[in-house]
Amino acid sequence: MREFSIFSIWMFINLLLLKSSSCASVVNPCCYYPCENSGVCVRFGSDRYECDCTRTGFYGENCTVPEFWTRIRLMLKPSPTTVHFILTHFQWFWDFVNSSFLQDTFMRLVLTVRSDLIPSPPTYNTKYGYLNWESYYNISYYTRLLPPVPEDCPLPMGTKGKAILPDPKILAERFFKRKKFRPDPQGTNLMFAFMAQHFTHQFFKTDHHVKGSFTKALGHGVDASNIYGDNLMRQLQLRLHKDGKLKYQLVDGEMYPPTVSEVPVHMVYPEGFPPEQRFVIGQEIYGILPGLTMYATIWLREHNRVCDVLKAEHPTWDDEQLFQTTRLIIIGEIINIITEEYVQHLSGYLLKLKFDPSLLFNVRFQYSNRIALEFCHLYHWHPLMPDSFFIDGDEITYPQFIYNTSILMHYGVEKLVDAFSRQPAGQIGGGQNSHEAVLKVSEMVIRESRATRVQPFNQYRKKFNLKPYTSFYEFTGDIEMARGLEELYGDIDALEFYPGVMLEKTRPTGIFGESMVEMGAPFSLKGLLGNPICSPEYWKPSTFGGETGFSIVKTSTLKKLVCLNTKWCPYVDFHVPRNDEEAKPRKPSSEL
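As a starting point, this report considers the structure included with it. From a predicted model like this one, the values you see are computed outputs, not experimental measurements.

**So, the overall build of the protein**
Link 1 in the chain: Looking only at helices and strands, one finds 24 helices and 12 strands in the protein.
Link 2 in the chain: Computed over the C-alpha atoms, the radius of gyration of the protein is 26 Å, within 12% of the 25 Å expected from 2.2 N^0.38 for a compact globule of 592 residues.
Link 3 in the chain: C-alpha extents for the protein along the principal axes are approximately 100 × 50 × 50 Å.
Link 4 in the chain: Put simply, the protein has 592 residues, and 53% of those count as buried.
Link 5 in the chain: By element, 57% of the accessible surface of the protein is carried by carbon and sulfur atoms, the whole surface being about 27,600 Å².
Link 6 in the chain: For the protein, the centre of its 61 positive side-chain charges and the centre of its 64 negative side-chain charges are spaced 3 Å apart.

Pasting the structure below:
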């Protein structure tokens, strides 16, 4: 009895001290992220909050009690791991599906389930953590899926973890820097790696000179601005103003981008770089890597080739109509190739993905898109880059490769495509696989994430219906890395978003972990299918100049894109050669 009394007195004193302390410094209750299942935390006064559970399918103080139909759905819904297993196994079943009407049914299901995870219209942005007109209307900001960590939280990531986040340079050196090149077990190659960069930098254009994570991209999706420029003035300077074509130069009878002496637009090249090697491209930074210059050259040739096709069909069309219609065809080709080959390769699915916008015409779908900050951050896939580059028997190091447009001219498009298609790219997930030349980019992303107060990784896991990790070892599967991260962060719930998606243990034989797939796919598919050309108003032959133009879009492939614009057809794929037959050198071919 006496022991109980002493304990009671001790507890009473501690409660008084705790209350006194909390009165002196009240913690914003939203810093605890109390609202589950996409509920919205609204603060009232200094220490009271309410969770808005509207249309979440849950109710209760913290939106944790499922409604009847939600309970049924959760009981029947398989986990992401189970779904991924089914989609990547049972070849006989998927062979049957891919050759039957069921393909459309499954494809429609994939598109709607993934896209529904991305709010449209957008909600928050890099400035505001609550809904307002500026978040919707001002497209200079990236949108964001979750609101920022409240500014008045006691710790950088809310209420868990350490008071000071680890130095980005230390994170990069310990957990991102490559120890030994680890090739992607899915067989991804450099042709894929350079497409990832060329494709995404039409809408990932962060303005690093302005605080607040603004984007310089006027379009928030696939607009081919990396080919045509991101503003009208640049576009007009890049155009030939004849037959709808873009300006070009001929070198030994082959078409290449013009130089700055012919088209005086802003391009990023080192000081003293030879003027005759300063190619002019729609995206001002694409002179940095020969792989990007290669793709720019291929798309330039494809644009002018399609212009010739349209002019033959429509001799009365003027330059403007030929150019504008060709641009729509090029955008369609990009989306088709990205969906049916690029995303197909990334997913590892046995379900054959199909680009057919009409699959969504009878379901609720909004044809608009905004690029999210989280999507921009998770797409920094620099581990893809190898230790050096092998082209036509030559090994080329980074100092020789970067800002060297002469590589394209020396080897030609065909040999670059063949070489990049054969050389393995690195595995993205799992950590410790980034070449030291690109570590500063990872540091930059981490700093930008902190400046915009991106919520912890586990909060995004929950947003995408994934179970939050309970320990660093469960997260990485590597004892040494787990101990290192715990030492720096203190709590798994304080792990930052970008290190989370990049360092997470990879799926068996996968290019990255579960989170990258489950978070990246919804952003990607919503952006692709939310394009205006995919809407019922646009998706018809007349938009593309008739059945011929429409067919170019619907039948486009990576192989066609390359081989219709080269003297001979190299080995071209997003996957390294799978067998000896594919590995054999290709003979010149004029047909596909």
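**Remarks on helix α7 (residues 168–176)**
Link 1 in the chain: Those residues of α7 that sit buried are P168, L171, A172, F175 and F176. In an axial view of α7, the angular spread of the buried residues amounts to 105°, which keeps them on one side of the axis.
Link 2 in the chain: Against the buried residues of α7 lie α16 (439–451), α19 (479–489) and α20 (497–503).
Link 3 in the chain: At the N-terminal boundary of α7, the capping side chain belongs to D167, with an oxygen 2.8 Å from the backbone nitrogen of K169.

**Brief notes about the packing of helix α4 (residues 91–98) against helix α5 (residues 102–115)**
For any two helices packed against each other, the geometry is given by the interaxial angle and the distance between the axes.
Link 1 in the chain: At a minimum axis distance of 6 Å, the contact between α4 and α5 shows a crossing angle of 100°. Here α5 runs roughly perpendicular to α4, going by the angle between their axes. Across the interface between the two elements, F93, W94, F96, V97 and N98 of α4 pack against L102, Q103 and F106 of α5.
Link 2 in the chain: Here the residues of the contact of α4 with α5 sort into six nonpolar, two polar and no charged.

**A short note on the side chain of S556**
Link 1 in the chain: Within the fold, S556 resides in the loop between α22 (547–554) and α23 (558–563).
Link 2 in the chain: A polar contact is formed between the side chain of S556 and the side chain of N336, at a distance of 3.0 Å.
Link 3 in the chain: Look past the residues within four positions of S556 in its chain and what remains in contact with it is E333, N336 and I337.

**Concerning the pairing of strand β1 (residues 40–44)**
Link 1 in the chain: Both β1 and strand β2 (residues 48–52) contribute to a ladder of five bridges, which runs antiparallel. Residue pairing for β2: R43 is matched across the bridge by Y49.
Link 2 in the chain: In sequence, β1 turns back onto β2 through a hairpin of three residues, with G45 there showing a positive phi of about 65°.

**Some words on the environment of T506**
Link 1 in the chain: Relative to the assigned elements, T506 resides in the loop between α20 and α21 (514–529).
Link 2 in the chain: For T506, a relative accessible area of 26% gives the class partly exposed.
Link 3 in the chain: For the pair T506 and G431, spaced 75 residues apart in sequence, the C-alpha separation works out to 9.4 Å.
Link 4 in the chain: If we ignore the near neighbours within four places in the chain, the residues touching T506 are Q427, G429, G430, I511, F512 and G513.

**Quick look at the side chain of T259**
Link 1 in the chain: Structurally, the position occupied by T259 is in the loop between β10 (254–256) and α11 (290–313).
Link 2 in the chain: A polar atom in the side chain of T259 sits 2.8 Å from the side chain of S261.
Link 3 in the chain: Sequence-distant contacts of T259, defined by excluding residues within four places in its chain, comprise Q249, P275, E276, R278, F279 and V280.

**Some thoughts on the packing of aromatic side chains**
Link 1 in the chain: Under the criterion given, the structure shown has 41 aromatic pairs.
Link 2 in the chain: Both rings, one in Y460 and one in F497, keep their centres 4.7 Å apart while their planes meet at 50°; by these two values the pair is tilted. You can see Y460 sitting in helix α17 (residues 457–463) and its partner F497 sitting in helix α20, a full 37 residues away along the chain.
Link 3 in the chain: Residue class for Y460 comes out buried when judged on its relative accessible area of 1%.
Link 4 in the chain: F497 gets classed as buried once you look at its relative accessible area, which sits at 1%.
Link 5 in the chain: Ring pairing ties together the aromatic residues F192, F199, F203, F204, Y342, F375, Y379, W381, F464, F512, F523 and F574, which thus form one cluster.

The rules behind the values
- Residues numbered from 1 in each chain as written.
- Predicted model: local features only at pLDDT ≥ 70, side-chain atom pairs only at ≥ 80, totals over all residues.
- Heavy atoms only, no water.
- Helix = DSSP H or I, 4+ residues; strand = E, 2+ residues; numbered from the N terminus.
- Rg over C-alpha atoms; globule rule 2.2 N^0.38 Å.
- Buried < 20%, exposed > 50% of the residue type's maximum accessible area, 1.4 Å probe, protein only.
- Areas by Shrake-Rupley, 256 points an atom, 1.4 Å probe, with all protein chains shown as cover.
- Lys, Arg positive; Asp, Glu negative; His and termini not counted.
- Charge placed at Lys NZ, Arg CZ, Asp CG, Glu CD.
- Arc of directions from axis to C-beta.
- Contact = heavy atoms within 4.5 Å.
- Polar contact = N/O pair within 3.5 Å; in protein donor to acceptor, adjacent residues only side chain to side chain.
- Axes fitted to C-alpha atoms, helices over the stretch in contact; angles between N-to-C directions.
- Parallel < 35°, antiparallel > 145°, perpendicular 65-115°, else oblique.
- Nonpolar A, V, L, I, M, F, W, Y, C, P; charged D, E, K, R; others polar.
- Pairing = 2+ DSSP bridges.
- Phe/Tyr/Trp six-rings, centres within 6.5 Å; stacked < 30°, edge-to-face > 60°.

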